[in-house]
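Listed here are the chains, written in short residue letters.
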Amino acid sequence: MPGIVLVGAQWGDEGKGKATDLLGSRVDYVVKFNGGNNAGHTVVIGDEKYALHLLPSGILTPGVTPVIANGVVVDIEVLFDELTALAARGVDVSRLRISSDAHVITAYHRTLDRVTERFLGKRQIGTTGRGIGPAYADKINRVGIRMQDLFDENILRQKVEGALDQKNHLLVKVYNRRAISVDEIVDDLLTHVERLRPMVVDTSLELNRALDRGDTVLFEGGQATMLDVDHGTYPFVTSSNATSGGAATGSGVAPNRFDRIIAVVKAYTTRVGAGPFPTELLDESGEFLRAAGFEFGTTTGRPRRTGWYDAPIARYAARINGVTDFVLTKLDVLTGLPRIPVCVAYDIDGERVDEVPASQSDFHHAVPIYEELPGWEDDISGVRSFDELPMAAQDYVLAVEELSGARISAIGVGAGREAIVVRRDLLA
Ligand code: GDP
Ligand code: IMO
Ligand code: MG
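Residues numbered from 1 in each chain as written. Chains lettered and ligands numbered in written order. Predicted model: local features only at pLDDT ≥ 70, side-chain atom pairs only at ≥ 80, totals over all residues. Heavy atoms only, no water.

**Focus on the packing of aromatic side chains**
Thought 1: Taken as a whole, this structure holds six aromatic pairs when the rule is applied.
Thought 2: Taking 5.2 Å as the distance between ring centres and 55° as the angle between the ring planes, the aromatic pair formed by Phe 294 and Phe 296 counts as tilted.
Thought 3: Taking the relative accessible area as the measure of exposure, Phe 294 reaches 56% and is therefore exposed.
Thought 4: According to the relative accessible area criterion, Phe 296 is partly exposed, its value standing at 32%.
Thought 5: The ring centre of Tyr 50 lies 4.0 Å from the NZ or CZ of Arg 89, which sits over that ring.
Thought 6: Positioned above the aromatic ring of Phe 386 is the side chain of Arg 423, whose terminal nitrogen or guanidinium carbon lies 4.4 Å from the ring centre. (Phe/Tyr/Trp six-rings, centres within 6.5 Å; stacked < 30°, edge-to-face > 60°. Buried < 20%, exposed > 50% of the residue type's maximum accessible area, 1.4 Å probe, protein only. Lys NZ or Arg CZ within 6 Å of the ring centre and 35° of its normal.)

**Description of the environment of Lys 49**
Thought 1: By secondary structure assignment, the location of Lys 49 is in strand 4 (residues 48-52).
Thought 2: The exposed category is assigned to Lys 49, whose relative accessible area is 53%.
Thought 3: Taking the C-alpha atoms as reference points, Lys 49 and Phe 296, separated by 247 residues in sequence, lie 15 Å from one another.
Thought 4: Excluding residues that lie within four positions of it along the chain, Lys 49 makes contacts with Thr 42, Val 43, Val 44 and Arg 89. (Helix = DSSP H or I, 4+ residues; strand = E, 2+ residues; numbered from the N terminus. Contact = heavy atoms within 4.5 Å.)

**Observations regarding the packing of helix 3 (residues 107-120) against helix 4 (residues 132-141)**
Thought 1: It is at 7 Å that the axes of helix 3 and helix 4 come closest, and there the two elements cross at 115°. By crossing handedness, the relation of helix 3 to helix 4 is classed as right-handed. Facing helix 3, whose interface residues are Tyr 108, His 109, Leu 112 and Asp 113, helix 4 presents Ile 132, Pro 134, Ala 135 and Asp 138.
Thought 2: Taken together, the residues of the contact of helix 3 with helix 4 break down into five nonpolar, one polar and two charged. (Axes fitted to C-alpha atoms, helices over the stretch in contact; angles between N-to-C directions. Left-handed = near helix turned anticlockwise from the far one by under 90°. Nonpolar A, V, L, I, M, F, W, Y, C, P; charged D, E, K, R; others polar.)

**Notes on the coordination of the magnesium ion (ligand 3)**
Thought 1: The magnesium ion (ligand 3) binds to the protein through Asp 13 (OD) and Gly 40 (O); the donor distances cover 2.0 Å. With Asp 13 in the loop between strand 1 (3-8) and helix 1 (16-24) and Gly 40 in the loop between strand 2 (29-32) and strand 3 (41-45), the pair connects residues that are 27 residues apart, well separated along the chain.
Thought 2: Accessibility expressed as a relative area gives 21% for Asp 13, which makes it partly exposed. (Donors = N, O, S within 2.8 Å, 3.2 Å for Na, K, Ca; no water.)

Following this line, the structure appears as structure tokens:
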């Protein structure tokens, strides 16, 4: 089972980091293929808690080679801060590989992210402010800076000049900010060159060779299906392909090498930032989920918006990603609720709609149609097999599975590494 893709099914923070960590000891490579340090993955190992932003979660498993592939945008300072902090805690970071084609996030991307958000006013996306959108915009505009450009000062200077030319006009004349100097950016980037040099390689070649040898490669998505720039709730999305197709374009490994596609889905729904969210709860049930699930952003600390499980979204994720297996996380958070509503379809202008609607305006005013399932009282955080779960919890999982378009192969019952019920081996 060599090529495995793992993505988020909802709006992020489903517990992808924990799921990657679960598979970690059985894989040889963990590849981040999209996004950048907008991601926040929390992994809890015993008493230790790690928050990863730019590095793939697999870096925590000894022996795994972590890879930052071409589809990622890299803030080099964040990269080194994260590496240094992990090394100080005894994590072996020496194997890290970075694609020579990965794009670089610079100071002007971060500045533009913040000023454009401010100018959007009420139409704000609520980005993480890390420069992600502007860096991907430059990539698509063909004025981006790639890792390989750092190793040739002349080329780097020319490219930074090209990138800043228009931006400085925009910054000064439209946004009323000071111009950014080419030297400032180039000098800053050049300070990192020697430390970066040994890490920057042709990661597509290395990953394909690894698969040829029979190694197991896990492609770990950042963000999630509903934040995907093509398939998510545009424009309230991130600027990369967070779905399984992005694993191919974002790594240079062809789709026919993927054997399993795992989507991580929370037993309820959360979202950080603006945009439609049909099952959102603005009442005490929403507060309950936020408190019980500790739903505060790993990257920005913002309280996450919370709501009930949305089965049409799970079915959509199953279709867009080609999901073979779901990992259902945070089932323990629902413990103590007398009844648990699950959205099975939407009411849109008086009509029942079973799928995520094609029109974003429809999605904005979709009203969830709920089915209520009985809850359970017993603490399930110590449960390690499906049969030991309270009957109502088993029924909840089976009902959600029936509605969601793919089998649920593992169930999260707590934040810790061991707090999982495995129904089916995810790698077999
Ligand atoms: P990611 O971005 O998808 O990796 O998810 P985050 O790490 O941002 O958010 C998931 C949060 O839920 C983290 O704090 C995890 O430690 C925690 N978590 C993951 N799985 C479970 C679970 O099954 N139960 C509980 N209670 N917490 C979980
Ligand atoms: P993980 O990998 C949740 C959201 C932001 C904002 C939108 C665009 O931890 O699941 P961006 O900075 O990417 O341009 O912001 O996307 N967002 C996330 N929400 N989890 C994430 O990552 C996110 N990464 C970006 O809140 O709404
Ligand atoms: Mg997260």
